[in-house]
Amino acid sequence: MKKELLYEGKAKKIFATDDPQLLIVSYKDDATAFNGQKKGTIRGKGVINNRMSNFLMQRLERHGIPTHFVEELSDRETLVRKVEIVPLEVIVRNISAGSFAKRYGVEEGMRFGAPAVEFSYKSDELGDPLMADAHITALNLTSSEELQTIRAYALKINDFLKAFWSERGITLVDFKLEFGRLPDGKIILADEISPDTCRLWDSATGEKLDKDRFRRDLGGVEEAYSEIMKRLEEHV
Ligand code: TMP
């Protein structure tokens, strides 16, 4: 039932299926950073990101968040619902890090009183610029109702994931989500939730257990991804 390759992104390939409403996502070990300027391979990453995303999306479904997940087909491949992707990177931050720390000239590790949700325009050519709500609706990327739904889902996902990781000795610093629209207009969670798209710090030691090890040449990249998978599976 897997048909032609529709799209190859930096970390995943998307295939058509016999059913026009379903797609197959295939996770690669390829890693990029800084808008594709840095390239590499993280051995075993595709398997980990596939399993972790699927596990978390199933938990989120039970928690009232609609997602694109349908069925895990293999170590690297998953059947998902086809959506029209909303071209926004929806970022939720609990602690300062990464581009936030750089943009505002603060140290990493500053805990916020409340989570900060921000949006970037998904455009490699433009370098994913930060967007205000008014800019999103001005460009008709979403309606204001859709944007409210996306923000509410993002905050609910944050509450769930923060508690989930905290029970496993991991601090959820920040993460990126993408949403899509079904043909009936319903907004659902799409893309992935993995160490590529989250910052996860060991709560006891502060050690970074995510893609920042690759971005910043910290070493121990594969080990960090495996450690996250081990913690995820420890307490299923
Ligand atoms: P940032 O601090 O670099 O803006 O990243 C915020 C979060 O978003 C972090 O958890 C990593 C994730 N992220 C992606 O998933 N894809 C990206 O292209 C970027 C830049 C960040």
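Report on the accompanying structure. (Residues numbered from 1 in each chain as written. Predicted model: local features only at pLDDT ≥ 70, side-chain atom pairs only at ≥ 80, totals over all residues. Heavy atoms only, no water.)

**A short note on the pairing of strand β10 (residues 111-121)**
Quick reminder of the rule: A strand pair is defined by DSSP finding two or more bridges across the two strands. Secondary structure elements are defined from DSSP: runs of H or I of at least 4 residues count as helices, runs of E of at least 2 residues count as strands, and each element is numbered from the N terminus.
Pairing of strand β9 (residues 88-95) with β10, which is carried by seven bridges, proceeds in the antiparallel orientation. Paired with Val 90 across the two strands is Phe 119, which belongs to β10. Sheet topology note: the β10/strand β11 (residues 130-131) ladder contains two bridges and is antiparallel. Across the sheet, Phe 119 pairs through a bridge with Met 131, a residue of β11.

**Details of the packing of helix α1 (residues 45-62) against helix α6 (residues 221-234)**
Applied cut-off: Comment: axis = line fitted to C-alpha atoms, over the contacting stretch for helices; angle = value between 0 and 180 degrees taken between N-to-C directions. Working rule for angles: under 35 degrees goes down as roughly parallel, over 145 as roughly antiparallel, 65 to 115 as roughly perpendicular, anything else as oblique. Crossing handedness: left-handed means the near helix sits turned counterclockwise from the far one by under a right angle, and right-handed means the same turn made clockwise. Residue contacts follow a heavy-atom distance rule, with two residues in contact if any of their heavy atoms lie within 4.5 Å. Classification used: nonpolar for Ala, Val, Leu, Ile, Met, Phe, Trp, Tyr, Cys and Pro, charged for Asp, Glu, Lys and Arg, polar for all others including Gly.
At a minimum axis separation of 10 Å, α1 and α6 run at an interaxial angle of 30 degrees. Here α1 lies roughly parallel to α6, going by the angle between them. For the element pair α1 and α6, the recorded crossing hand is left-handed. Where α1 abuts α6, its residues Lys 45, Ile 48, Asn 49, Arg 51, Met 52, Phe 55 and Leu 56 lie against Tyr 225, Ser 226, Ile 228, Met 229, Leu 232 and Glu 233. Here the residues of the contact of α1 with α6 are counted per class, giving eight nonpolar, two polar and three charged.

**So, the site of the ligand**
The following threshold applies: In this text, near means that some heavy atom of the residue lies within 4 Å of the molecule or strand in question. N or O atoms closer than or at 3.5 Å make up a polar contact, with two conditions inside protein: a donor-capable atom paired with an acceptor-capable one, and, for residues adjacent in sequence, both atoms drawn from side chains. Shrake-Rupley sampling with a 1.4 Å probe provides the accessible areas, and residues are treated as covered by the protein chains on show and by no other component.
Neighbouring the ligand are 14 residues; Arg 93, Ser 99, Asp 174, Lys 176 and Arg 199 lie closest to it. One nitrogen or oxygen atom from the side chain of Arg 93 is found 2.9 Å from an oxygen atom belonging to the ligand. Measuring from an oxygen atom of the ligand, one finds a side-chain N or O atom of Ser 99 at 2.5 Å. When the ligand sits alone it has 450 Å² of accessible area, and the protein chains cover 77% of it. When contributions to the shell around the ligand are tallied by element, the ones reaching two or more residues are β9, α2 (98-104), β12 (170-181) and β14 (198-202).

**Considerations on the environment of Gly 36**
Within the secondary structure, Gly 36 is located in the loop between β4 (30-33) and β5 (38-41). In sequence terms Gly 36 and Asp 124 are 88 residues apart; their C-alpha atoms lie 8.7 Å from each other.

**Some points on the nonpolar core**
Which entries qualify depends on this criterion: In these notes, a set of buried Ala, Val, Leu, Ile, Met, Phe, Trp, Tyr and Cys residues joined through side-chain atoms within 4.5 Å is what counts as a nonpolar core. The buried label goes to any residue with under 20% of its type's maximum accessible area, the exposed label to any with over 50%, and the partly exposed label to all in between, with areas taken from a 1.4 Å probe on protein chains only.
In this structure, Leu 88, Ile 157, Leu 161, Trp 165, Leu 177, Phe 179 and Leu 189 are the most contacted members of the largest nonpolar core, which totals 46 residues. Every element with two or more residues in this core is listed here: β4, α1, β9, α4 (144-166), β12, β13 (187-190), β14 and α6. With nine residues, α4 is the single largest residue contributor to this core. Excluding residues that lie within four positions of it along the chain, Leu 189 makes contacts with Met 57, Leu 60, Ile 65, Pro 66, Thr 67, His 68, Ile 157, Leu 177, Glu 178 and Phe 179. By size, the runner-up hydrophobic cluster in this structure holds five residues, among which are Leu 23, Val 25, Tyr 27 and Val 80.

**Quick notes on α1**
Given 3.6 residues to a turn, an α-helix orients residues that are three or four positions apart in the same direction. Note the cut-off: A helix is expected to span 1.5 Å multiplied by its residue count minus one.
Compared with an ideal rise of 1.5 Å per residue, which puts 18 residues at 26 Å, α1 spans 26 Å between its outermost C-alpha atoms and is within 8% of the ideal. The element α1 is extensively covered by neighbouring structure, given that 14 of its 18 residues are classed as buried. A positive backbone phi angle near 95 degrees is found at Gly 64, which sits one or two residues after α1.

**Observations regarding the sheet that holds strand β3 (residues 22-27)**
Here we have five strands laid out as an open sheet, ordered β1-β2-β3-β7-β6, and antiparallel in their pairing. Edge positions in the open sheet fall to β1 (2-8) and β6 (69-72), since each of these has one partner strand only. Taking the axes of each pair of neighbouring strands and ignoring which way they run, one obtains an average angle of 30 degrees across the sheet. Pairing of β6 with strand β7 (residues 77-81), which is carried by three bridges, proceeds in the antiparallel orientation. Within β7, the position partnered with Glu 71 by the bridge is Leu 79. Packing against the sheet, α1 makes contact with β3, β6 and β7, and its axis sits at approximately 130 degrees to β6.

**Considering the pattern of salt bridges**
The criterion, for reference: Within this document, salt bridges are pairs made up of a side-chain nitrogen of Lys or Arg and a carboxyl oxygen of Asp or Glu, the two lying within 4 Å of each other.
Counted according to the given criterion, the structure contains 30 salt bridges. Linking Asp 174 and Arg 199 is a salt bridge whose minimum nitrogen-to-oxygen distance equals 2.8 Å. Note that Asp 174 is positioned in strand β12 and Arg 199 in strand β14, a separation of 25 residues in sequence. Overlapping salt bridges, with partners in common, bring together Arg 93, Arg 103, Glu 108, Glu 118, Asp 174, Arg 199, Lys 208, Asp 212, Arg 215 and Arg 216 in one network.

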